[in-house]
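# Tertiary structure, described
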Amino acid sequence: MGNAIKIRVKTLANLFVGGNPRPFEIGGIDQWTAVDEEGFPCIPASSWKGAIRAIVQADDSDVAKEIAQWYEEMLEAEKQEAQKWIEKLCSEERQRDYQEEKERIEKRYTEAIDAASACYLFGIREFNNTPKLLFNDLRLREECRDLKKCFSIDAKTSIDCSGTEPKSNPRIYKAVRKGMEFEGEIEFYHFDEEICQKCKRYLIQNLEKFNDGIYRLGGSKSRGYGKFHVSILEDGREDSEEL
């Protein structure tokens with residue numbers, strides 16, 4: 001699969017991922033799912049990334065601990081290299097000038113090492129070039145790109161109890177229809193081959209959890225929204241063994 005996993009997502013229920021606000025029209029749609037530049041629904045990388053990260057964050061498997069340990073060792077090695085680099089720049093006369101920088105590096109790396117977890121796959125705060133996953137928007141497949149068929153218009157009513165009497169609050173949602181298929185990639189940035197393969201297997205195992213229906217995507221999950229099925233694609237062809 002190279003340095004990326006190609007994914008296909010099929011909606012098994014309506015899907016609503018909050019998009020950019022649009023002008024409100026009385027009697028019209030006031031909540032839109034995210035769309036691409038052509039007006040077709042899409043699943044933004046940030047939403048997709050957040051949903052997977054929540055699964056990994058809850059995982060305490062041995063593999064998750066191994067990945068956390070790998071990040072600890074990698075950061076420790078980086079810290080040692082950074083300290084050596086600082087020492088080379090220091091002369092006896094300027095030792096005091098660099099002391100503050102050495103302490104800053106020690107504090108920065110120590111905090112990151114102490115907090116290491118498998119969630120570092122999604123990036124480490126203040127560390128831009130560490131191995132991590134890069135997410136792309138999931139785009140609607142060409143076969144589904146029909147504006148008359150890919151959306152569902154749903155009316156929802158909530159109860160507003162902020163006043164003296166309860167009031168109904170009807171809202172009109174434009175969501176993704178059940179049966180729509182999206183595709184995109186998760187790229188593995190800056191991984192060596194051995195750890196890349198381990199992390200791929202680990203990520204696929206966690207992607208599989210979406211297919212149990214417990215983990216969902218987007219809003220209105222309590223109303224049945226956001227259920228979907230994930231398949232892994234290789235070389236443009238769907239794997240014989242689906243997730």
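So, here's what we can say about the structure.

Quick notes on the rules
All residue numbers refer to positions counted from 1 along the written sequence of the respective chain. With the structure being a predicted model, the display of local features is reserved for residues of pLDDT at least 70 and the display and counting of side-chain atom pairs for 80 or more, all residues being used for whole-chain, interface and lining totals. The basis for the side-chain values is all heavy atoms of the structure; hydrogens and waters are excluded. To qualify as a helix, a DSSP run of H or I must reach at least 4 residues; to qualify as a strand, a run of E must reach at least 2; elements of each kind are numbered from the N terminus. When accessible area is computed with a 1.4 Å probe and restricted to protein chains, residues below 20% of their type maximum are described as buried, those above 50% as exposed, and intermediate ones as partly exposed. Residue contacts follow a heavy-atom distance rule, with two residues in contact if any of their heavy atoms lie within 4.5 Å. Areas reported as accessible are Shrake-Rupley estimates using a 1.4 Å probe. Residue values count occlusion only from the protein chains shown. To estimate how far a helix should reach, multiply one less than its number of residues by 1.5 Å. The axes are straight lines fitted to the C-alpha atoms, using for helices just the contacting stretch, and the angles between their N-to-C directions are given from 0 to 180°. Roughly parallel here means an angle under 35 degrees, roughly antiparallel means over 145, roughly perpendicular means 65 to 115, and every remaining angle is called oblique. By the convention adopted, Pro, Cys, Tyr, Trp, Phe, Met, Ile, Leu, Val and Ala count as nonpolar, Lys, Arg, Asp and Glu as charged, and the other residues, Gly among them, as polar. Put simply, buried Ala, Val, Leu, Ile, Met, Phe, Trp, Tyr and Cys residues joined by side-chain atoms within 4.5 Å make one nonpolar core. Within this document, salt bridges are pairs made up of a side-chain nitrogen of Lys or Arg and a carboxyl oxygen of Asp or Glu, the two lying within 4 Å of each other. Comment: arc refers to directions from the helix axis out to C-beta atoms. Two strands make a pair as long as DSSP finds a minimum of two bridges between them. Here the aromatic set is Phe, Tyr and Trp, taking the six-membered ring for Trp, and pairing holds for ring centres within 6.5 Å; pairs whose planes are under 30 degrees apart are stacked, those over 60 apart are edge-to-face, and all others are tilted. To sit over a ring, a charge needs its Lys NZ or Arg CZ within 6 Å of the ring centre and within 35 degrees of the ring normal.

### Quick word on the overall build of the chain
A count of helical and extended segments in the chain gives four helices and ten strands. The order of helices and strands in the chain, counted from the N terminus, is β-β-β-α-α-α-β-β-β-β-β-α-β-β. Counting over 243 residues, the chain shows a buried share of 41%. Counting only contacts in the chain whose residues sit at least 6 apart along the sequence, the fraction spanning at least 24 positions is 73%. Taken as a whole, the chain presents about 14,400 Å² of accessible surface, with 45% of it coming from carbon and sulfur.

### Description of helix 4 (residues 193-207)
Taking 1.5 Å of rise per residue, 15 residues should cover 21 Å, and helix 4 covers 21 Å from first to last C-alpha, within 8% of that figure. Three or more residues of helix 4 are buried, namely Ile195, Cys196, Cys199, Lys200, Tyr202, Leu203, Ile204, Asn206 and Leu207.

### Regarding the packing of helix 1 (residues 45-57) against helix 4
Describing two packed helices takes the angle between their axes plus the distance from one axis to the other. Two numbers describe how helix 1 lies on helix 4: the axes approach to 10 Å, and their chain directions differ by 95°. On the basis of the axis angle, helix 1 is roughly perpendicular to helix 4. Across the interface between the two elements, Trp48, Ile52, Ile55 and Val56 from helix 1 touch Tyr202, Leu203, Asn206 and Leu207 from helix 4. The residue inventory of the contact of helix 1 with helix 4, partitioned by class, reads seven nonpolar, one polar and no charged.

### Description of the nonpolar core
Nonpolar side chains tend to gather and get buried jointly when the protein is soluble and globular. Among the nonpolar cores identified, the biggest contains 58 residues, and Trp48 and Ile52 are the most heavily contacted of them. It is helix 2 (residues 62-89) that contributes the most residues to this core, eight residues altogether. Trp48 has contacts with Ile7, Val9, Ile43, Phe135, Leu138, Ile186, Leu207, Phe210, Leu217, Phe228 and Val230, leaving out every residue within four places of it along the chain.

### Section: the pattern of salt bridges
The full count for this structure, using the stated rule, is 14 salt bridges. The partner of Arg139 in a salt bridge is Glu37, and the shortest N-O contact between them spans 2.8 Å. Of the two residues, Arg139 is situated in strand 5 (residues 138-140) and Glu37 in the loop between strand 2 (31-32) and strand 3 (42-43); the sequence distance between them amounts to 102 residues. Residue class for Arg139 comes out partly exposed when judged on its relative accessible area of 31%. Glu37 gets classed as exposed once you look at its relative accessible area, which sits at 61%. As a salt-bridge pair, Glu106 and Lys79 come within 3.3 Å of each other at their nearest N and O atoms. One end of the pair, Glu106, is in helix 3 (residues 95-114); the other, Lys79, is in helix 2, and 27 residues separate them in sequence. Taken together, the shared-partner salt bridges in this structure form one network comprising Lys6, Arg8, Arg141, Glu143, Glu181 and Glu183.

### Comments concerning helix 1
Across its 13 residues, helix 1 extends 18 Å between first and last C-alpha, which sits within 8% of the 18 Å expected from 1.5 Å per residue. When helix 1 is considered as a whole, its buried residues turn out to be Ala45, Trp48, Ala51, Ile52, Ile55 and Val56. Seen end-on, helix 1 carries its buried residues on one side only, within an arc spanning 140°. Exposed positions of helix 1 whose direction lies more than 90 degrees from the buried face are Ser46 and Gln57.

### Overview of the pairing of strand 1 (residues 4-11)
Along any regular strand, the residues point their side chains to alternate faces of the sheet. In terms of burial, strand 1 is a largely internal element, six of the eight residues being buried. Sheet analysis places strand 1 next to strand 8 (residues 181-189), joined by seven bridges and oriented antiparallel. Bridging from a neighbouring strand, Val9 pairs with Phe182 of strand 8.

### Considering the packing of aromatic side chains
Scanning the entire structure with this criterion turns up ten aromatic pairs. Considering the side-chain rings of Trp70 and Tyr71, the 4.8 Å spacing of their centres and the 75° angle between planes classify their relative orientation as edge-to-face. For the pair shown, Trp70 and Tyr71 are each scored as buried. Among the aromatic residues, those joined into a cluster by ring pairs are Trp70, Tyr71, Tyr120, Phe188 and Phe191. Taking NZ or CZ as reference, Arg108 lies 3.9 Å from the ring centre of Phe127, over its face.

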